[in-house]
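# Descriptive analysis of the structure
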Number of protein chains: 2
Amino acid sequence: MHRAKVRVAEDVLDANATIARANREDFDRENVAVVNLMSAPGAGKTSLLERAVEQPGGVRVGVLEGDVQGSLDADRLAALHTPVTQINTDPGFGGECHLDANMVRAAIPALPLAEVDLLVIENVGNLVCPAEFRVGEDARVMVSAVTEGEDKPLKYPLMFRTCELVLVNKIDLLPHLDFDLDRFLANLEAINPGVDYLLVSARSGEGTNAWREWLGALPDRLAAGARR
Amino acid sequence: MHRAKVRVAEDVLDANATIARANREDFDRENVAVVNLMSAPGAGKTSLLERAVEQPGGVRVGVLEGDVQGSLDADRLAALHTPVTQINTDPGFGGECHLDANMVRAAIPALPLAEVDLLVIENVGNLVCPAEFRVGEDARVMVSAVTEGEDKPLKYPLMFRTCELVLVNKIDLLPHLDFDLDRFLANLEAINPGVDYLLVSARSGEGTNAWREWLGALPDRLAAGARR
């Protein structure tokens, strides 16, 4: 008689992890590198994508847009001839504040995976729950705008701790703010020692070449096993 | 024989509403007006409170601080000799992204209700879930920083729709941004027609007298039945 012991999924995060693994297998099968891009509302995720989706190196980028309602960001990226797929979270519990693995799973049939090398999933603007739900990504990138203050790594530690790259955005505004960049970087180092970061301005373009290069090099880095 | 029909609470939002009503009864009994103050991370809730907690009119203000972790904001307000009580949401599901009525209920025994006329509940920085959970407040105020962009009312409609006052903060930065104030106000009007708003800068102090006056006048407005 066949006997086996199965550990029952304990909670919603376990179930999410199971579905995230299934997503990851689908992405791997199609040889697509996946980035989960997160930030507070208005930090500049879409503006930084507008600066980076056109990859001179021939890497083909697609975007999966997560929003509570509407398609404002997707419309901006589609205008750049980037393949964009929209998910809205408002049918959920009053409007879900994050993407989870099952929402991304539902979108997979609509994604042109054969036509892209890199998929960026732009999460709902929120510094809490998106950090708790993996969606099948290879790497997590977050945007922290200098207008939000130096204390954010200390106040939203899980988000800052679980990402591989922090884009410190809106640095064109530094001369007009009381923001202490050294203190911000010390707070970041305390929460996520050694994490990569880039100082960028989506508005002026400063630093965005480095961001475009980081993103474009991700598929090769993953193929070389650096982050698998 | 006694017979009664009881409607069973249907879901977590029903349960929340029940507890919010109990909180409201406790606040009413102590004659305390309550504001639920909400915004995205880094929009300036605490800085705007620093500008408004000292009420020349004799209205005594207390603060209930909601954060995922730490007490950075509470420390800032306590330095102004304001009674402050801290709630941290991190024992919840990986760090709750909002306050709910039950968390506020748990804090009530620690609140100096007999010593304040007005309690401001500073919610967790998030534009989605805080709008879904009433906590027993009389009025909801949200802060939207101009650095976040004109599209925010359209992207986070429930938050903008359910508040009685919008503080449009960081207007000192307007000369350095591409932000179109008229477009923002048109988006706000589309989502919440006729809602009150104030243009403010916590940094320069511009507009903060009007905010302090709005807050200080709330107990009398409520006593006159304007918002009950």
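For the structure, check the block above.
Since this is a predicted model, take the numbers as computed values, not measurements. (Residues numbered from 1 in each chain as written. Chains lettered and ligands numbered in written order. Predicted model: local features only at pLDDT ≥ 70, side-chain atom pairs only at ≥ 80, totals over all residues. Heavy atoms only, no water.)

Residue and element names in this part refer to chain B. Pairing in this open sheet of seven strands is parallel, and the strands run β3-β2-β4-β1-β5-β6-β7 from one edge to the other. One side of each edge strand has no neighbouring strand; the edge strands of this open sheet are β3 (84-88) and β7 (196-199). Geometrically, the sheet is characterised by an average inter-axis angle of 20° between neighbouring strands, direction not taken into account. Alignment of strand β2 (residues 61-67) against strand β4 (residues 118-122), held across five bridges, turns out to be parallel. Paired with Val61 across the strands is Leu118, a residue of β4. Helix α8 (residues 208-223) contacts β1 (33-39), β4, β5 (139-145), β6 (165-169) and β7 of the sheet and is inclined by roughly 140° relative to β1. (Pairing = 2+ DSSP bridges. Helix = DSSP H or I, 4+ residues; strand = E, 2+ residues; numbered from the N terminus. Axes fitted to C-alpha atoms, helices over the stretch in contact; angles between N-to-C directions. Contact = heavy atoms within 4.5 Å.)

What follows covers the pairing of β3 of chain B. Residue and element names in this part refer to chain B. Of the two faces of β3, the one holding Thr85 and Ile87 is buried and the one holding Val84, Gln86 and Asn88 is not buried anywhere. Pairing between β2 and β3: five bridges, direction parallel. For Asp67, the partnering residue across the bridge sits in β3 and is Asn88. Between the parallel pair β2 and β3, the chain is carried across by helix α3 (residues 72-78), and the sense of this crossover is right-handed. (Buried < 20%, exposed > 50% of the residue type's maximum accessible area, 1.4 Å probe, protein only. Right-handed = clockwise from strand over helix to strand, strands pointing away.)

Turning next to the relation of the copies chain B and chain A. Rotating chain B by 180° and translating it 0.0 Å along the rotation axis places it on chain A, where the RMSD comes to 0.0 Å. Such a turn and shift between the copies fits a two-fold axis. Residue Asn126 of chain B of chain B places its C-alpha closer to the rotation axis than any other residue of that unit, at 3.0 Å. Most of the interface of chain B is mirrored in chain A: 100% of its interface residues are interface residues there too. (Least-squares fit on C-alpha atoms with pLDDT ≥ 70 in both.)

All right, on to the interface of chain B and chain A then. Each partner contributes to the interface: chain B provides 38 residues, whereas chain A provides 38 residues. Here chain B is connected to chain A by six salt bridges. Put simply, Arg203 of chain B and Asp178 of chain A hold a salt bridge, and the shortest N to O gap is 2.9 Å. Between chain B and chain A we count 13 residue pairs in polar contact (both at pLDDT 80 or more) in total. Breaking the side of chain B that touches chain A down by element, the ones donating at least two residues are α1 (12-29), α3, α5 (152-155) and α6 (157-161) of chain B. (Salt bridge = Lys/Arg side-chain N within 4 Å of Asp/Glu carboxyl O. Polar contact = N/O pair within 3.5 Å; in protein donor to acceptor, adjacent residues only side chain to side chain.)

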